[in-house]
Amino acid sequence: MSEKFILALDQGTTSSRTLLVDSKGIIRGTSQMEFKQIYPKAGWVEHDPEEIWSTQWMTITKVMEEADITFSQIAGIGITNQRETSVVWDKISGKAIGNAIVWQDKRTAPICEQLKSKGLEDYVRENTGLVIDSYFSATKIRWMLDEVDGAQARAENGELLFGTIDTWLIWKLTGGKSHVTDFTNASRTMLFNISTLEWDANLLGHLNIPPAMLPAVKPSSGFFGFFQSDEVQVPICGVAGDQQSALFGQACLEEGMVKNTYGTGCFMLMNTGSKKVLSKNGLITTLACSTGDQVQYALEGSVFVAGSAIQWLRDGLKILKSAADSERMAEEVAGSEDVFVVPAFAGLGAPYWDMYARGAIFGITRDTSGAHLAKATLESMAYQTRDVIEAMAEDSGIKVKSLKVDGGAVVNNYLMQFQADILNVPVERPVVVETTAMGAAYLAGIYLQWWDSRIIVADRKIDREFIPLMDAGRRQTLYHKWQDAVKRTRGWTTT
């Protein structure tokens, strides 16, 4: 009998990836392909939806070719995706009406101000768990309906569909038969009521978004449709937004467990179980992965710019030849003068939520080099993580005793040690850092009855634990300087 596998699709902000996972939860193959980042204007970020699909499909075919298997050996498909990024497309032709508007995009700030002027901030927080910000999908949809000729009328006539990237990929994989999403992705739109688990009619009315545009919403481990290939039907049966998928993949299955993902942005989530904890400190409340009818909630702090700041050093300033150079350069100047980089390229996320902040560098002297900038940029990720973790502890009443980490940047030992130092808690780096994609694989495998949650806990093994070494006085001095630097960047622009 042929060996069976799960395809775990990981559609991220800068690349599409596919993992091939066997029935023991072991990664047997991986393929990745970057795609173009489009910046039409200052503060605008777009992706070509067709390029997202084509690169994702190419990684699927490549990983299967390298493993020499066919779709008859694929038992199921799991999908995890960049969240909030929004696509609107024609229901009949399947053609997008424009580029996808990416989660980092700031063009809809004026629409957010209009919603705030209507006094909707408390309503949005209480019902969606979110804050009114251009980060989320709702105002992106409104912008497309306003700016694309005839889009509003077409949407009202039932001709247009909206989806986050998971929905777009499922539509493509099923040949337009399934227009669906899961609870985690729906909870990032600023249109979904996380208490009733339904699209919020009040918010749809305020934004004049026709309900017919919106996908059906399902638990993260469930049936989302079939991919059809040569008479073989493969179920798509695990779907989650990338950060909730990483929380699941990190085995943060119990209340109080915390993980931080260091990717394009930095995203910290705390499982709060069945409790919908509403933040008083600039965090958001979101739905965690669900494997049945009972949903779980999480507190989340979203840092907009993390790994993308390292890309800026590499591609923009040409200070680095590769992202890996940042560790060596930081070590070269470790302990030297304090330069601070506040990478507010797209405003500031949690706990500040300042759409008008912009990036800045502080503490430059004549001796400042590219190595100092590399060190300070790495440290900015750790400082922003502390901002979030302090807010999280205050909201939840739970003191974080250790931090589970994942994402591309966690291979950087300088960053991980500095993170432990500035937090004063141990940082746990797992052997398998592919926790986001593995979360999607686990969700699919649970639906297929291959596994239960115990395999996730059993599979998680620690590669290295970073123990705090910095003295308390130095820690507080550095953090106070960081807070001062952030204060100076806020409200820099009005557009």
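The structure contained in this document is the topic of the report that follows. (Residues numbered from 1 in each chain as written. Predicted model: local features only at pLDDT ≥ 70, side-chain atom pairs only at ≥ 80, totals over all residues. Heavy atoms only, no water.)

1. Here we look at the sheet that holds strand β23 (residues 462–466)
Reading across the sheet, the 7 strands line up as β17-β18-β16-β15-β21-β22-β23 and stay open at both edges, with mixed pairing between neighbours. Among the strands making up the open sheet, the edge pair consists of β17 (284–287) and β23. Looking at each pair of strands side by side, their axes are set apart by 30 degrees on average, direction ignored. Note that β17 and strand β18 (residues 297–303) share 4 bridges and pair antiparallel. Note that in β18 the partner of Leu-287 across the bridge is Tyr-297. (Pairing = 2+ DSSP bridges. Helix = DSSP H or I, 4+ residues; strand = E, 2+ residues; numbered from the N terminus. Axes fitted to C-alpha atoms, helices over the stretch in contact; angles between N-to-C directions.)

2. Overview of unusual backbone geometry
Between Ala-350 and the following residue, Pro-351, the backbone shows a cis peptide bond with an omega angle of -5 degrees. Even without being a glycine, Leu-197 presents a positive backbone phi close to 60 degrees. By the secondary structure assignment, Leu-197 is in the loop between β10 (192–193) and β11 (198–199). Positive phi, normally seen in glycine, also occurs at Trp-353, with a value near 50 degrees. With respect to the secondary-structure elements, Trp-353 resides in the loop between β19 (340–342) and β20 (360–362).

3. As for the pairing of strand β1 (residues 5–11)
The element β1 is largely enclosed, with a buried count of 7 among its 7 residues. Neither face of β1 is exposed, since Phe-5, Leu-7, Leu-9 and Gln-11 on one face and Ile-6, Ala-8 and Asp-10 on the opposite face are all buried. Bridging between β1 and strand β2 (residues 15–22) involves 7 bridges; their strand directions are antiparallel. Paired with Phe-5 across the two strands is Asp-22, which belongs to β2. Connecting β1 to the antiparallel partner β2 that follows it, the hairpin turn spans 3 residues. (Buried < 20%, exposed > 50% of the residue type's maximum accessible area, 1.4 Å probe, protein only.)

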